[in-house]
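The lines below spell out each chain.
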Amino acid sequence: MKFVLFPLDPVHDVALKMLNRELLKRRYQTILLPPDTKMEEVVELCQKENPDFIMVSRTVGYGAAELLARFIDMLDAAGLRKKCKVVVGGKAITKELAAELGYDAGFGDKTNWEEVIAFVEGRKVQESKSRIVKTKRDITQGYSYRVHYSAFKDLLEKITDQIIDWARDRTSPGIERAKMREKMLQGEDLLDDYLKLCDDTVVSYFKKNTLPKKVRFITEGEKKKFDRLVRETRFEGKILRHSFDRPLVFVQYGTGCPFMDAMHIKISEAWGADGVLHFDPSWGARCEGLLEGLLAHEEDGSIITFENLKLIKSALNDSTLWCVRAHRGLNTPETVLLAAHAKADLTKINMVYGSLNGGTDPERLTVDGVYAIKLAARYNLPYDIPTNEELGGVPAHKALAGMLVVAYLGVKLNAKPILKPLFCYSPDVMINDYMKDNYIDYNAAKVIALRRIIDAPIWPGEPIGFMTHTEDRVQSAMTTALHAALASSLGLDAITIASTDEAYARGAITVSARIDTLRAIAEAFRFFGRAKIEPTKQAEEFAERIVEGVYETLKKVAEREDFVASLHEGLFGTREEGANPGRAGRGTVRKC
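Report on the accompanying structure.

So, how was this worked out
Residues numbered from 1 in each chain as written. Predicted model: local features only at pLDDT ≥ 70, side-chain atom pairs only at ≥ 80, totals over all residues. Heavy atoms only, no water. Pairing = 2+ DSSP bridges. Helix = DSSP H or I, 4+ residues; strand = E, 2+ residues; numbered from the N terminus. Axes fitted to C-alpha atoms, helices over the stretch in contact; angles between N-to-C directions. Contact = heavy atoms within 4.5 Å. Phe/Tyr/Trp six-rings, centres within 6.5 Å; stacked < 30°, edge-to-face > 60°. Buried < 20%, exposed > 50% of the residue type's maximum accessible area, 1.4 Å probe, protein only. Parallel < 35°, antiparallel > 145°, perpendicular 65-115°, else oblique. Nonpolar A, V, L, I, M, F, W, Y, C, P; charged D, E, K, R; others polar. Core = buried A, V, L, I, M, F, W, Y, C linked by side-chain atoms within 4.5 Å. Polar contact = N/O pair within 3.5 Å; in protein donor to acceptor, adjacent residues only side chain to side chain.

**Concerning the sheet that holds strand 4 (residues 85-89)**
Pairing in this open sheet of five strands is parallel, and the strands run 2-1-3-4-5 from one edge to the other. Across the chains shown, the open sheet's two edge strands, defined by having one partner strand only, are strand 2 (29-32) and strand 5 (105-107). Ignoring which end each strand starts from, the neighbouring axes of this sheet average 20° apart. Pairing between strand 1 (residues 2-7) and strand 3 (residues 53-57): five bridges, direction parallel. Bridge pairing links Val4 to Ile54 in strand 3. Each of strand 1, strand 2 and strand 3 touches helix 1 (residues 14-25); the most contacted strand, strand 1, lies at about 170° to it.

**Quick notes on the packing of aromatic side chains**
Within the structure shown, the criterion is met by 17 aromatic pairs. Plain terms: the ring middles of Phe107 and Phe119 are 6.0 Å apart, the flat faces sit at 70° to each other, and that makes the pair edge-to-face. Of this pair, Phe107 sits in strand 5 while Phe119 sits in helix 5 (residues 113-120), and the two are twelve residues apart along the sequence. On the basis of relative accessible area, Phe107 is assigned to the buried category, the value being 12%. Look at Phe119 and you get partly exposed, because its relative accessible area is 28%.

**Description of the packing of helix 6 (residues 150-168) against helix 16 (residues 362-378)**
Contact geometry of helix 6 with helix 16 gives a least axis separation of 10 Å together with a crossing angle of 95°. The pairing of helix 6 with helix 16 is recorded here as roughly perpendicular in orientation. The segment helix 6 lies against helix 16, with Ile163, Trp166 and Ala167 engaging Glu363, Thr366, Val367 and Val370. Here the contact of helix 6 with helix 16 is composed, by residue class, of five nonpolar, one polar and one charged.

**Notes on the nonpolar core**
Soluble globular proteins tend to pack their nonpolar side chains together in the buried interior. Counting residues in hydrophobic clusters, the biggest one holds 134 residues, and the most contacted among them are Trp322, Ile373, Val550, Leu554, Phe563 and Phe572. A per-element tally of this core places helix 17 (residues 396-412) first, with eleven residues. In this structure, Val550 is in contact with Phe152, His397, Leu400, Ala401, Leu404 and Ile453, ignoring residues within four places of it in sequence.

**Re the side chain of His278**
In this fold, His278 is placed in strand 9 (residues 275-278). A distance of 2.9 Å separates a polar atom in the side chain of His278 from a polar atom in the side chain of Tyr253. Apart from residues lying up to four places away in sequence, His278 is in contact with Tyr253, Ser302, Ile303, Ile304, Leu309, Ile312, Trp322, Cys323, Val324 and Arg325.

If you want it as structure tokens, here you go:
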């Protein structure tokens, strides 16, 4: 076949040069014209050469339609339109525009050569052999959880032994409800006993059909429409990562409505998200007992019910990792149980953050946390442990010390913990100017410090780069993308991203805000590829200080020989540093 390649553009002809190379590789005959060729000259040349295809490119959008229409008219007048096929390509081109102007085909932005070659050869596009197929990952795979230094291991052993011994003969309403819930899931009718351990809000819901304020049932008709929408939603997901298979990218949802959550998830999956996190409402975490049924409400976070979780699960892609959070409230053990039965992949448990910045009483969350970790181990549900240096203001070394205690406790109870230090612009960082020079060194230092202490998966969150965001959506997306690139450079396992209006949504986060950030991250991964962000020497100095601080914190906690007292007395963060022991559930722990 013979091709005439004509750049209908004063200077831009790169795409045609590349197409010319592809055609020559296949031994086709080509004539590549320079950008300054006039249309009349092209028509005259084609009358002489009788090509099978005239390939026209028009990169710049200004006046593209008028010029392309004029060119096709000239080919028609010269009798060439009937003798050969005419194809147009360029960023401004769409298939619809090409057809409207009378071209045989049009190829726009993101076209690959295989599509063009397949068209001219009259065959279907061959699926790329290099296509990456998304599969569900186990974030914890390959880690030994070995503590590298005996000094740290001895302290962690002592502290976690004390926690386990302390919790051995204690229980709480949250634990007892979880035990009942487990039997109820197996068919036993224990609702009356369950309600004896619940707050009035939950009791009124079951006994008087009274819904909490701003909560409503989802109707059967709405459910059918939702099922049809999910069934009919089809898309080819994107791959965000470019050169490496890490980090996985998670999106946090919690619009209040499980239908909206599911649609946000589907769109996030379509734009490349690897996982999603269920964000529960604050009032739900402060209330003894869980509701049942398909429920929506008007505030942030989505109600944890087994029915809501199962509905969201029905919408997930097979490759999407799903974390159902249970890290801070009075329903922690029960939420872990529901997460496991709803077939979640991950959960979240943190006795320190939940006690000092999540509003739950330290004693209550410690006993609940131990039981929740045992449930996570029994159901093979890895759990992540966020830190509190950002929202609370706790210094990083104290936050990491608390996280390591909860992680090592999980290791001893045969669970799989995931470390989740924050990439953030925390109050402690602001006061001490740790990020005066850049946002890289101190964030990198936390990762370096943790790797020196333990071999465990690391997943910065939550969400990555929070507090560095402003109301400027471009700034917000770019900052998140740069933090994502840092995570990639450090070889981290996963990140949870913020959406561009997360800092100022004043309501549910919009879908477009999620797409903004996902696209920005894809560009950052593509921009850096196998290149890396290189921290300065300051990162090593920061890391050394953090390791020393973690050690000193663990040493004081071990010497105190009382984990709960350590939380109350500020060893993991003082009130002045922003750590305030919670009050929800106070006085509810009892001996058993």
